[in-house]
Amino acid sequence: MTAPEQVQLENIAACEYEIFALLKQRYSPRTFKEAPVKQQHIKQLFEAARWSASSNNIQPWRFIYAEKNTTAYNKIVSCLNDFNKEWATNAPLLILTAYKEETDDEVTNFHALHDLGLAIGGMTMQAQYMGIGLHSMAGVDWEHAQDLFNVPDGYHISSAIAAGYYGGQIEKLSEELQEQEIKERKRIKQSDFAFKESWK
């Protein structure tokens, strides 16, 4: 077994109840294979987002993506915080996520972020199926991104995603990040977030 395969194996979730294998295997890598994401796979990622559920079928999600060694890729990198810049350039593909803030009737779309999350969730499972890891990042200077990419009024940059095929060399990361890459994955218990019949 190669070192990258070992990292993937160690990151399989230790579930209390059995769930779909792709969900167990999903994790957010910080290193990726040094290979561009195939154009067909990129289209499939966004097709998965396209068919996600959304309130009243408004589909408020928007994405800006760029491949490594392009001006647009470097512009996305410039919008990341210093911590994310440390590793995100390992990804062959970077994505900015955004949402439309209002409905066509100019009413605040309270569910827009929820729907964007559903779209990213669908994209994430499609990615996992194709051996692609997605790592979402909250550390984004959204105002800078809005300006750089001429995002029109009424749309809001929300996050960034680093994407690439699993199997990157962990040695490309700092010692601190290597530890994070292989440390035990933990989640709060169901009883802390799923309440039957009343809030507990």
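Residues numbered from 1 in each chain as written. Predicted model: local features only at pLDDT ≥ 70, side-chain atom pairs only at ≥ 80, totals over all residues. Heavy atoms only, no water.

J.: Could you give me a rundown of the overall build of the protein, with the residues and numbers involved?
T.: Secondary structure assignment for the protein yields eight helices and four strands. Across the protein, helices and strands are ordered from the amino to the carboxyl terminus as α-α-α-β-α-α-β-α-β-α-β-α. Taking 16 Å as the expected radius of gyration for a compact globule of 200 residues, we find that the protein reaches 18 Å, a close match to that expectation. Taking the principal axes of its C-alpha atoms as reference, the protein extends roughly 55 × 50 × 30 Å. Counting all 200 residues of the protein, 40% fall into the buried class. (Helix = DSSP H or I, 4+ residues; strand = E, 2+ residues; numbered from the N terminus. Rg over C-alpha atoms; globule rule 2.2 N^0.38 Å. Buried < 20%, exposed > 50% of the residue type's maximum accessible area, 1.4 Å probe, protein only.)

J.: Would you mind going over the packing of aromatic side chains in detail, with residue names and values included?
T.: Aromatic ring pairs are described here by two measures, namely the spacing of the ring centres and the angle between the planes. All told, the structure shown has four aromatic pairs when counted by the stated rule. Seen from their ring centres, Phe46 and Phe63 are 5.4 Å apart, and the 50° between their planes marks the pair as tilted. Highlighted residues: Phe46 in helix α3 (residues 39–50) and Phe63 in strand β1 (residues 61–67), separated in sequence by 17 residues. Among the aromatic residues, those joined into a ring-pair cluster are Phe46, Phe63 and Tyr65. Sitting above the plane of the Trp87 ring, Arg30 keeps its charged end 5.8 Å from the centroid. Here the basic side chain of Lys75 rests over the ring of Phe149, its NZ or CZ set 4.9 Å away from the ring centre. (Phe/Tyr/Trp six-rings, centres within 6.5 Å; stacked < 30°, edge-to-face > 60°. Lys NZ or Arg CZ within 6 Å of the ring centre and 35° of its normal.)

J.: Before we move on, could you go through the pairing of strand β4 (residues 155–165) and cite the residues and values that matter?
T.: The buried fraction of β4 amounts to nine of the eleven residues, a majority that puts the element mostly inside the structure. Pairing of strand β2 (residues 93–100) with β4 involves eight bridges; the strand directions are antiparallel. Pairing of Ile95 across the sheet is with Ile161, part of β4. (Pairing = 2+ DSSP bridges.)

J.: Provide a residue-level description of the environment of Thr70, including the pertinent values.
T.: Structurally, Thr70 is set in the loop between β1 and α4 (71–78). Given the relative accessible area of 31%, Thr70 is considered partly exposed. Measuring from C-alpha to C-alpha, the distance between Thr70 and Pro4 comes to 27 Å, with 66 residues separating the pair along the chain.

J.: Describe in detail a nonpolar patch on the surface, supporting the description with residues and values.
T.: There is a patch of nonpolar side chains on the surface, built from Ile19, Phe20 and Leu23 and spanning about 290 Å² of accessible area. For Phe20, the location among the structural elements is in the loop between α1 (3–10) and α2 (21–25). Assessed through its relative accessible area of 53%, Phe20 is described here as exposed. (Patch = residues over 30% accessible without salt bridge, like charges linked within 9 Å, V, L, I, M, F, W, Y side chains within 5 Å. Areas by Shrake-Rupley, 256 points an atom, 1.4 Å probe, with all protein chains shown as cover. Salt bridge = Lys/Arg side-chain N within 4 Å of Asp/Glu carboxyl O.)

J.: Account for the nonpolar core, with residues named and values stated.
T.: Of all hydrophobic cores here, the largest spans 27 residues; its most connected members are Trp87, Leu94, Leu96, Met137, Val140, Ile157 and Ala162. Put simply, the parts of the chain that give this core at least two residues each are α4, α5 (82–88), β2 and β4. Ile157 has contacts with Ile64, Leu96, Thr97, Ala98, Val140, Trp142, Ala145, Gln146 and Val151, leaving out every residue within four places of it along the chain. Among the nonpolar cores identified, the runner-up in size contains 22 residues, and Val37, Phe63, Ala119 and Ile161 belong to it. (Core = buried A, V, L, I, M, F, W, Y, C linked by side-chain atoms within 4.5 Å. Contact = heavy atoms within 4.5 Å.)

J.: Lay out the pattern of salt bridges in plain terms, naming residues and giving numbers.
T.: Counted under the stated rule, the structure contains five salt bridges. Across the pair Glu34 and Lys172 runs a salt bridge whose closest N-O atoms are separated by 2.9 Å. Highlighted residues: Glu34 in the loop between α2 and α3 and Lys172 in the loop between β4 and α8 (175–182), separated in sequence by 138 residues. By relative accessible area, Glu34 is classed as exposed at 71%. The partner of Lys100 in a salt bridge is Asp104, with the nearest N and O atoms 2.6 Å apart. Residue Asp104 is classed as exposed on the basis of its relative accessible area of 69%.

J.: How would you sum up the packing of α3 against helix α6 (residues 112–129)? Please name residues and give values.
T.: At a minimum axis separation of 7 Å, α3 and α6 run at an interaxial angle of 140°. By the angle between their directions, the pair α3 and α6 is classed as oblique. By crossing handedness, the relation of α3 to α6 is classed as right-handed. Across from Gln44, Leu45, Phe46, Ala48 and Ala49 in α3, the residues of α6 making contact are Ala119, Gly122, Met123, Gln126 and Ala127. Of the residues contributing to the contact of α3 with α6, the split by class is seven nonpolar, three polar and no charged. (Axes fitted to C-alpha atoms, helices over the stretch in contact; angles between N-to-C directions. Parallel < 35°, antiparallel > 145°, perpendicular 65-115°, else oblique. Left-handed = near helix turned anticlockwise from the far one by under 90°. Nonpolar A, V, L, I, M, F, W, Y, C, P; charged D, E, K, R; others polar.)

Purely geometric numbers; function is a separate question.
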